[in-house]
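# Breakdown of the fold
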Amino acid sequence: MKVPPLLAHVLVLVVAATAAAFASAADLTNSSNKDSTAVPDGQRARELVHLVRQDCGSCHGLTLAGGLGPALTPDALADKPAEGLVATVVGGRPGTPMPPFRGIVSEREAEWIVEQLMRGFPADGGPALAGGAN
Amino acid sequence: MSDQKVRLAPPLVWGILLPVIILLLSACATQPPVAALRGTGDLGVVIERADGRVQIVETSGRSVLAKVEGLGDLSHASVVFSRDGRYAFVFGRDGGLSKVDLLTATIVGRVMQAGNAIGGAISQDGRMVVAQNYAPGGIKAFDADTLELLADVAAEYGTEGKRSKVVGLADLPGNRFAYALFDADEIRVTDLSDPKHPVTQRFPAGRQPYDALVTPDGRHYIAGLFGEDGLAMLDLWQPEQGVRKILAGYGKGAEPLPVFKMPHLRGWAVAGGRAYLPAIGRHEVLVVDTRTWQEVARIPVKSQPVFVMARPDGREVWVNFAFPENGWVQVIDTLTQKVVDTLQPGRAILHMEFAPKGEMVWLSARDDNRVVVYDTATRKPVAGFDSASPSGIFFTSRAARTGF
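The paragraphs below set out a description of the structure included in this document. (Residues numbered from 1 in each chain as written. Chains lettered and ligands numbered in written order. Predicted model: local features only at pLDDT ≥ 70, side-chain atom pairs only at ≥ 80, totals over all residues. Heavy atoms only, no water.)

With that settled, the discussion passes to empty space enclosed by the protein. All names here are of chain A. Under the defined criterion, the tally for this structure stands at three cavities of 30 Å³ or more. One number sums up the size of the largest cavity: a volume of about 670 Å³. With four residues, helix 2 (residues 42–60) is the largest single contributor of residues to the lining of the largest cavity. Here the residues of the lining of the largest cavity sort into 22 nonpolar, 15 polar and eight charged. (1 Å grid on protein atoms, 1.4 Å probe; cavity = no way out; pocket = protein on both sides within 12 Å on 5 of 7 lines; lining within 4 Å. Points joined across faces, edges and corners; volume = space filled by probe spheres on them. Helix = DSSP H or I, 4+ residues; strand = E, 2+ residues; numbered from the N terminus. Nonpolar A, V, L, I, M, F, W, Y, C, P; charged D, E, K, R; others polar.)

This is the structure in structure tokens:
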């Protein structure tokens, strides 16, 4: 079958344009895909990751490299026992600004969060899809 | 032309042409528009916190003019403006200080000035921008034109050379700057009128100051205290009198609620001779008379306030709230000291910014990826636009205000 030359050139141009569009869109999306090996189900895990990145992030930094609160990166946590960290998440740390998250995350979810922190926390996939955390 | 096969150009030619086409088309998509001659009084920036990017906006047509990328970690980013309103100085969490030209939508200067930073201020004469840093704790002054380092004032305390996290930096008349030391329970005032020889005064403030404000006249510096019930107030016209506790014991010994987000005092709310302040760990806005500094009211609100901001005319005070109640906004009438409206502008309302004369307020709805614009007379949304995880919104009208 024969393809008219003009059409062939248009096709190449369209492919190039699409590639360009993806290239400029990539900046927006490439930060949001990473594995979320979920013990909490997918939707809840997504909520928890968003909570840690955004709301814990207001004191610990979006990158968890620290702020008013200490860094929560794997390096920073390496020598800390996981149980103590879970207790801090659930019960807070009196005398410091670290509040207890009891009632917001369960004990099991706190353990999951600590595991993820110690391994290198997943990127934020955004807020819960439907309903709302409000 | 032969009719058996289409002849495309040789692969080598395409190999050169295709990348060029892609490059050119990408460039079209990201190139800032060529700016027509315009003023800067209605410009502003919206922080897209997760993407290291700001949107340059204008409040007359309520539109996004351009985007500027490459600003680093913008969690808790804040912005001050050059006095001509053309340049935004963006302070990133990662210690990046970027100077953005709002007219050309380009970064015209950038320095990494600390490991962990929390905001900044600009001097009275506009020649110096000052960053406040958590690590290493202290303040640093930079030439507003060149971003050259002019002064580095460590927030040292105690006898072992420890450095405190710095909070609540505010510009004062006379190229002085007030700030508070979270770890050292102090307020400090540094005179940078001769940046080569900074002179610092120290004042004991109370436990764990977390943020502070200066009143619009530059006279009173007020630091909120995390570690005790009350706020620390320093009269900068009479600093020799030292820090005075105000609203001491506002919690009346009751156990404070867990604080999921520290309140912000910077967007001060001084209206009609009264200051409106967020009560930390309580569902209350505290009202204090700015002549006597006595409590005159406490207003029950939906949850723990984060920003308590007066509309520029002072007729209303708008309040947003800490996680997990951060989808609400309440409006306080400053004559009756009562909540007169409760709004749900979107999910995770992080910040509010009033137009210079207050006819509208812009709100960032982080979890909706939207900025929404409310008419303050009807308290109804009148506009909005997409914004990726927006946090702070800053208009150039700040350039002319002390403490912004």
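All names here are of chain B. Alternating residues of strand 4 (residues 78–81) divide into Ser78 and Val80 and Val79 and Phe81, and every residue in both groups is buried. Direction of pairing for strand 4 relative to strand 5 (residues 87–91): antiparallel, over a ladder of four bridges. Paired with Ser78 across the bridge in strand 5 is Phe91. Connecting strand 4 to the next strand, strand 5, in antiparallel fashion are five residues, including Gly85 with a positive phi near 70 degrees. (Buried < 20%, exposed > 50% of the residue type's maximum accessible area, 1.4 Å probe, protein only. Pairing = 2+ DSSP bridges.)

Residue and element names in this part refer to chain B. Counted according to the given criterion, the structure contains 29 salt bridges over all chains. We note a salt bridge from Arg311 to Asp313, for which the minimum N-O separation is 2.8 Å. On the basis of relative accessibility, which here comes to 12%, the residue Arg311 falls in the buried class. Taking the relative accessible area as the measure of exposure, Asp313 reaches 47% and is therefore partly exposed. The shortest N-O distance in the salt bridge between Arg311 and Glu316 comes to 3.2 Å. Comparing Arg311 with Glu316, the two get one shared label, buried. Several salt bridges converge on common partners, so that one network encompasses Arg311, Asp313, Glu316, Asp341 and Arg379. (Salt bridge = Lys/Arg side-chain N within 4 Å of Asp/Glu carboxyl O.)

Taken by themselves, the reported measurements are silent on function.
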